[in-house]
Amino acid sequence: EITKADDRRRQMKDITLGIGYGLTEWGLARRESIPVEEAKFLVRSVHRFFPQASAWGEKQAQKRTYVTTIPGRKVWLNPYSNQAEKNARNSPIQGTAAEMLKLSIIRIHKEWEFDCPFGIVAPIHDELILDVPNKPASEIAFFVKKIMVEEAEKMCPGVPFVVDAIIGDTWADK
C-alpha cells in the first residue's frame, strides 16, 4: 500500500533528479501537474540547497565529446543529437550507478555462502531482483544491502548511501 509519505518521497526524488538532469520549470510543471510558479520555486530551491550539484550539472552540460563515470569510464556523446546536453548530465550518474551495481553483483557472488543457489535473477537499472527461499530471505536482504552500500561508498567516499530491500512473492510486491 502506497502511503501519502511514499508518494511525496517519490515526487521529491523525481523532482530533485529531474532538475539535476536539466528538467526546466515548464517541464516540471507539466510532469507534476503544478503551476509554473510553484515549479519555479521548487527549481530555485533545489539549486539553492544543492549548489555544487547544480554547478556540476551545468559543467557537464557543456561537454560535447564524452563524459566520464567516477571510476573513469568514458561515455561518448553524439554532439549532433538534441539529447547531448541531457546525456552529458545523465551518463556519469547512471554509468556510475551501473558500475556500482556490477561490482556489487561480483562481490555478492564471491561471498555467497547461503544454503541455496545464487539468487540474483535480474539486475535492473539500480536494482537487483533475487529469487531465494523464504527462510533466509531476510538474512540475504541484509547481506545484499550491506554489500551494495559498501561498494557505493567505496566508489563515492563521503557520500552516504541507502539501499532498500523489499521481500515479497513477486517483483510487483514492492
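Engineer: So what's going on with the pairing of strand β4 (residues 127-130)? Which residues, and what values?
Structural biologist: Looking at chain direction, strand β3 (residues 120-124) and β4 are connected through 4 bridges and run antiparallel. When the sheet's bridge partners are listed, A122 is paired in β4 with I129. Hairpin connection between β3 and β4: a loop of 2 residues separates the two successive antiparallel strands, and H125 in this loop has a positive phi of roughly 60°.

Engineer: Could you give an account of the pattern of salt bridges, naming the residues involved and the relevant values?
Structural biologist: Summed over the entire model, instances satisfying the criterion amount to 9 salt bridges. Between R107 and E111 there is a salt bridge, with the nearest N and O atoms lying 2.8 Å from each other. A residue pair is termed a helical-turn pair when its members lie 3 or 4 positions apart in one helix, as R107 and E111 do in helix α5 (residues 84-111) at 4 residues. Among the residues examined, E111 registers a relative accessible area of 33% and is labelled partly exposed. Salt bridges linked by common partners bring R107, E111, K146, E150, E151 and K154 together as one network.

Engineer: If you had to explain helix α6 (residues 134-155) to someone new, which residues and values would you point to?
Structural biologist: Its 22 residues place the ends of α6 32 Å apart at the C-alpha level, agreeing with the 32 Å of an ideal helix rising 1.5 Å per residue. Along α6, the helix axis deviates most sharply at I140, where the bend reaches about 30°. Looking only at α6, the buried set comprises P136, A137, I140, A141, F143, V144, I147, M148, V149, E151, A152 and M155.

Engineer: Tell me about the packing of helix α4 (residues 51-61) against α5, and please be specific about residues and values.
Structural biologist: Contact pair α4 / α5: the axes reach a minimum separation of 7 Å and the direction vectors enclose 120°. Classified by the angle their axes make, α4 and α5 are oblique. Between α4 and α5 lies a crossing of right-handed hand. The residues of α5 that touch α4, namely those facing W56, G57, E58, Q60 and A61, are E85, A88, R89, P92 and I93. Grouping the constituent residues of the contact of α4 with α5 by class yields 5 nonpolar, 2 polar and 3 charged.

Engineer: Describe the environment of F161, listing the residues and the values that go with them.
Structural biologist: Looking at the element boundaries, F161 is found in the segment after α6. Given a relative accessible area of 26%, F161 falls into the partly exposed group. In contact with F161, not counting residues within four places along its chain, are M100, V149, A152, E153 and C156.

Engineer: Explain the packing of aromatic side chains to me, using residue names and the numbers behind them.
Structural biologist: Applying the stated criterion across every chain, the model contains 5 aromatic pairs. Measuring from ring centre to ring centre gives 5.0 Å for W112 and F114, while their planes differ by 65°; the resulting arrangement is edge-to-face. Considering the side-chain rings of F114 and F143, the 5.1 Å spacing of their centres and the 70° angle between planes classify their relative orientation as edge-to-face. With F114 in the loop between α5 and β3 and F143 in helix α6, this pair connects stretches of sequence that are 29 residues apart. The same class applies to F114 and to F143, which are both buried. Feature note: the residues W112, F114, F118 and F143 constitute an aromatic cluster, connected by ring pairs. Stacked on the ring of Y66, the Lys or Arg K74 has its end atom at 4.5 Å from the ring centre.

Calculation rules
- Residues numbered from 1 in each chain as written.
- Predicted model: local features only at pLDDT ≥ 70, side-chain atom pairs only at ≥ 80, totals over all residues.
- Heavy atoms only, no water.
- Pairing = 2+ DSSP bridges.
- Helix = DSSP H or I, 4+ residues; strand = E, 2+ residues; numbered from the N terminus.
- Salt bridge = Lys/Arg side-chain N within 4 Å of Asp/Glu carboxyl O.
- Buried < 20%, exposed > 50% of the residue type's maximum accessible area, 1.4 Å probe, protein only.
- Expected span 1.5 Å × (residues − 1).
- Bend = angle between axes of the 7 residues up to and from the residue.
- Axes fitted to C-alpha atoms, helices over the stretch in contact; angles between N-to-C directions.
- Parallel < 35°, antiparallel > 145°, perpendicular 65-115°, else oblique.
- Left-handed = near helix turned anticlockwise from the far one by under 90°.
- Contact = heavy atoms within 4.5 Å.
- Nonpolar A, V, L, I, M, F, W, Y, C, P; charged D, E, K, R; others polar.
- Phe/Tyr/Trp six-rings, centres within 6.5 Å; stacked < 30°, edge-to-face > 60°.
- Lys NZ or Arg CZ within 6 Å of the ring centre and 35° of its normal.

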